[in-house]
Amino acid sequence: MTACTSVVGLQWGDEAKGKIVDLLTPDHDLVVRYNGGPNAGHTVVCNGKSFKLSLIPTGILRPKVQAVIGNGVVVYPPRFLDECDGLRANGIEVGSNLLLSDRAHVILPYHLEEEALRESAEGRSIGTTGRGIGPCYQDKAGRHLAIRVGELLDADHLRHRLREIVPIKNRLLTALSPQAKTFDPDRLADEYIALGQALRPHVTDTVRLLHDAYAKGRRILFEAAQGTLLDVDHGTFPYVTSSNSSTTGIWSGCGFPARRLTRIVGVIKAYSTRVGQGPFPTELHDEIGEHIRQTGREYGTVTGRPRRCGWFDAVAVKHAVMVSGADELAIMLLDVLSELDEIRICVAYEYDGRQIEHFPAFAHQLEKCKPIYETLPGWKRDISGCRTLAELPAQARRYLDRLSAILGLPISIVSIGPDREQTIFCGCCD
Ligand code: IMO
Ligand code: MG
């Protein structure tokens, strides 16, 4: 069977999916993004250089790999082109090896303005990345005011659409705040017609492309942005992103049947982090949380915000395993816990005076959940040089065994540092 692999985050994003995608890319011919947009931040170390990619699939760093941005992604053209330039400046070829769906939706400057106004208004703030993601997906679902990448290539059509849309957007923006920035339709049309020309060499029907590639036996790797707990349907709504960041997004976000997947790798950190607002039962507000933040360099790649840190939440991750259909686990950043005396795993919640083992559907319920922990001894030893499971201290192996047993999945990869070499392949899923 042709290899079709999915790499998906099982927490609130930032699980170091980029490293796993990079490790698995040599076994694949195409690497595909299917959700999100420039809110993602994927760091990959390649030839001693560290690359930070936001919109472009990390597969671009490997020669002979076809990088694809599917229809489920929202694209901010200036960001896309900046990333292309940054890659070229570092000697990475960017041409027809990077293809972009004509059906992907376009983030326009009024989306950024709308998001800034909504996030600073009184009431609910989600703590977004401020990249226009939510307003763009809102227009996609709303249909009347949306623009897709393919439309940027037809100058007359685009100008006509923007003359219809922009006055409505201006009225909506000034209704949100009298100080809102407003936009001139023709200036925006000039700008986006030019951006469309710059994107043109990359734009194609990626649905057909993927199906043709599959028919020829090409191996496809699907790279998720964010994590399953940020999925708009299955995450901690409303403190989520606006796309299906679980495996469920593949089918709609690429027009590619998810039943063809042969391997779903669920990526988890050995602890938990989240950025922005929203419930986080195992969050640590003490010196252990601060230690994890400093040791794990837990600051956002996109916004630089300090990430909230806490113990591993097996209740939340079990829910994510179920939704994303993970077959195996990649455990990241295990080395970050090396100096701790003891390590905790949340195995249930106390809610409303009783013990629950399921993940509640509502944020206001999750806010009230108190974690019930299982405590394991730490290993108090540097493990960043270990290359086999046998080299890990017994306490670290015990921690991994407990995670695997609680989540009911084998662990195929353990990462103990950012470099490619700092990886233990467990040999269970080859
Ligand atoms: P990667 O791909 C971590 C979070 C934001 C906010 C919420 C909604 O690096 O794992 P949005 O801008 O998407 O509307 O913000 O989702 N968020 C992420 N957190 N990693 C990400 O991506 C994220 N992308 C969005 O912090 O809480
Ligand atoms: Mg990130």
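Everything numeric here is computed off the predicted structure, so don't read it as measured data.

1. A few points about the sheet that holds strand β11 (residues 263-269)
- Sheet architecture is open: 10 strands sit in the order β9-β7-β5-β2-β10-β1-β11-β15-β19-β20, paired in mixed fashion. At either end of the open sheet lies a strand with only one pairing partner, and these are β9 (203-204) and β20 (423-425).
- Across two bridges, strand β7 (residues 98-101) lies against β9 in parallel orientation. From the neighbouring strand, Leu100 faces β9, where its bridge partner is Val203.

2. Things to note about the site of ligand 1
- As a matter of local geometry, ligand 1 sits amid 20 residues, with Asp14, Lys17, Thr129, Thr241 and Val275 nearest to it.
- Note that an oxygen atom of ligand 1 is positioned 3.5 Å from one of the backbone N or O atoms of Gly127.
- Gln226 places a polar main-chain atom, nitrogen or oxygen, 2.9 Å from an oxygen atom of ligand 1.
- Summarising the interface, the protein chains cover 97% of the accessible area of ligand 1, which totals 550 Å² for the free molecule.

3. Details of the domain arrangement of the protein
- Along its sequence, the protein is organised into domain 1 (4-101 + 202-260), domain 2 (105-199) and domain 3 (268-425).
- Centre-to-centre separation of domain 1 and domain 2, based on C-alpha positions: 23 Å.
- Opposite the 25 residues of domain 1 that make contact, domain 2 presents 21 residues.
- For the pairing of domain 1 and domain 2, the buried interface totals around 1,900 Å² over both sides, and the portion due to carbon and sulfur atoms is 70%.
- Taken together, the links from domain 1 to domain 2 amount to zero salt bridges.
- Counting every contact that joins domain 1 to domain 2 gives seven residue pairs in polar contact (both at pLDDT 80 or more).

4. A few points about the packing of helix α3 (residues 109-120) against helix α5 (residues 155-176)
- Two elements in contact, α3 and α5, have axes separated by 10 Å at closest approach and are oriented at 15 degrees. For the element pair α3 / α5, the angle class is roughly parallel. Pair α3 / α5 crosses with left-handed handedness. In contact with Tyr110, His111, Glu113, Glu114, Leu117 and Arg118 of α3, α5 contributes Leu162, Ile165, Val166, Lys169, Leu173 and Leu176.
- The residue inventory of the contact of α3 with α5, partitioned by class, reads seven nonpolar, one polar and four charged.

5. Focus on the environment of Ser125
- The topology assignment puts Ser125 in the loop between α3 and α4 (133-142).
- Here the alpha-carbon distance between Ser125 and Pro238, two residues 113 residues apart in the chain, equals 9.8 Å.
- Filtering out sequence-adjacent residues up to four positions away, Ser125 remains in contact with Glu119, Tyr239 and Gln277.
- Reaching out from Ser125, the side chain makes a polar contact with the backbone nitrogen of Gly127 at a distance of 3.4 Å.

6. So, the side chain of Thr241
- Here Thr241 lies in the loop between β10 (220-227) and α8 (249-254).
- By relative accessible area, which is 10% here, Thr241 ends up buried.
- For Thr241, the side chain forms a polar contact with the side chain of Asn39, separated by 3.2 Å.
- In contact with Thr241, other than residues within four places in its own chain, are Asn39, Ile133, Gln226, Leu230 and Val232.

7. What to know about helix α6 (residues 185-199)
- Between its first and last C-alpha, α6 extends 20 Å over 15 residues, near the 21 Å set by a 1.5 Å rise per residue.
- Against the buried residues of α6 lie α2 (77-89), β7, β8 (105-106), α3, α5 and β9.

8. Focus: empty space enclosed by the protein
- Within this structure, the stated rule accounts for one cavity of 30 Å³ or more.
- In this structure, the largest cavity encloses a volume near 40 Å³.
- Gly235, Thr236, Phe237, Pro279, Phe359, Pro360, Ala361, Phe362, Ala363 and Leu366 are the residues that line the largest cavity.
- Residues of the lining of the largest cavity, tallied by class, amount to eight nonpolar, two polar and no charged.
- Residue-level mapping places the lining of the largest cavity at the junction of two domains, with at least three residues from each of domain 1 (4-101 + 202-260) and domain 3 (268-425).

9. Things to note about the nonpolar core
- One finds Leu10, Phe222, Phe312, Leu334, Leu337, Tyr349 and Tyr399 to be the most contacted residues of the largest nonpolar core, which totals 67 residues.
- Apart from residues lying up to four places away in sequence, Leu337 is in contact with Ala270, Tyr271, Ile292, Ile343, Trp379 and Tyr399.

10. Examining the pairing of β11
- Burial within β11 is extensive, with six of its seven residues counted as buried.
- Of the strand pairs in this sheet, strand β1 (residues 4-9) and β11 are connected by five bridges, and their pairing is parallel. Its bridge partner lying in β11, Val7 is registered against Val265.
- Relative to strand β15 (residues 328-332), β11 runs parallel, the two sharing five bridges. The residue bridging Lys269 from the neighbouring strand is Met332, located in β15.

Criteria and cut-off values
- Residues numbered from 1 in each chain as written.
- Chains lettered and ligands numbered in written order.
- Predicted model: local features only at pLDDT ≥ 70, side-chain atom pairs only at ≥ 80, totals over all residues.
- Heavy atoms only, no water.
- Pairing = 2+ DSSP bridges.
- Helix = DSSP H or I, 4+ residues; strand = E, 2+ residues; numbered from the N terminus.
- Near = heavy atom within 4 Å.
- Polar contact = N/O pair within 3.5 Å; in protein donor to acceptor, adjacent residues only side chain to side chain.
- Areas by Shrake-Rupley, 256 points an atom, 1.4 Å probe, with all protein chains shown as cover.
- Domains from an automatic or database assignment.
- Contact = heavy atoms within 4.5 Å.
- Buried area = accessible area lost by both parts, 1.4 Å probe.
- Salt bridge = Lys/Arg side-chain N within 4 Å of Asp/Glu carboxyl O.
- Axes fitted to C-alpha atoms, helices over the stretch in contact; angles between N-to-C directions.
- Parallel < 35°, antiparallel > 145°, perpendicular 65-115°, else oblique.
- Left-handed = near helix turned anticlockwise from the far one by under 90°.
- Nonpolar A, V, L, I, M, F, W, Y, C, P; charged D, E, K, R; others polar.
- Buried < 20%, exposed > 50% of the residue type's maximum accessible area, 1.4 Å probe, protein only.
- Expected span 1.5 Å × (residues − 1).
- 1 Å grid on protein atoms, 1.4 Å probe; cavity = no way out; pocket = protein on both sides within 12 Å on 5 of 7 lines; lining within 4 Å.
- Points joined across faces, edges and corners; volume = space filled by probe spheres on them.
- Core = buried A, V, L, I, M, F, W, Y, C linked by side-chain atoms within 4.5 Å.

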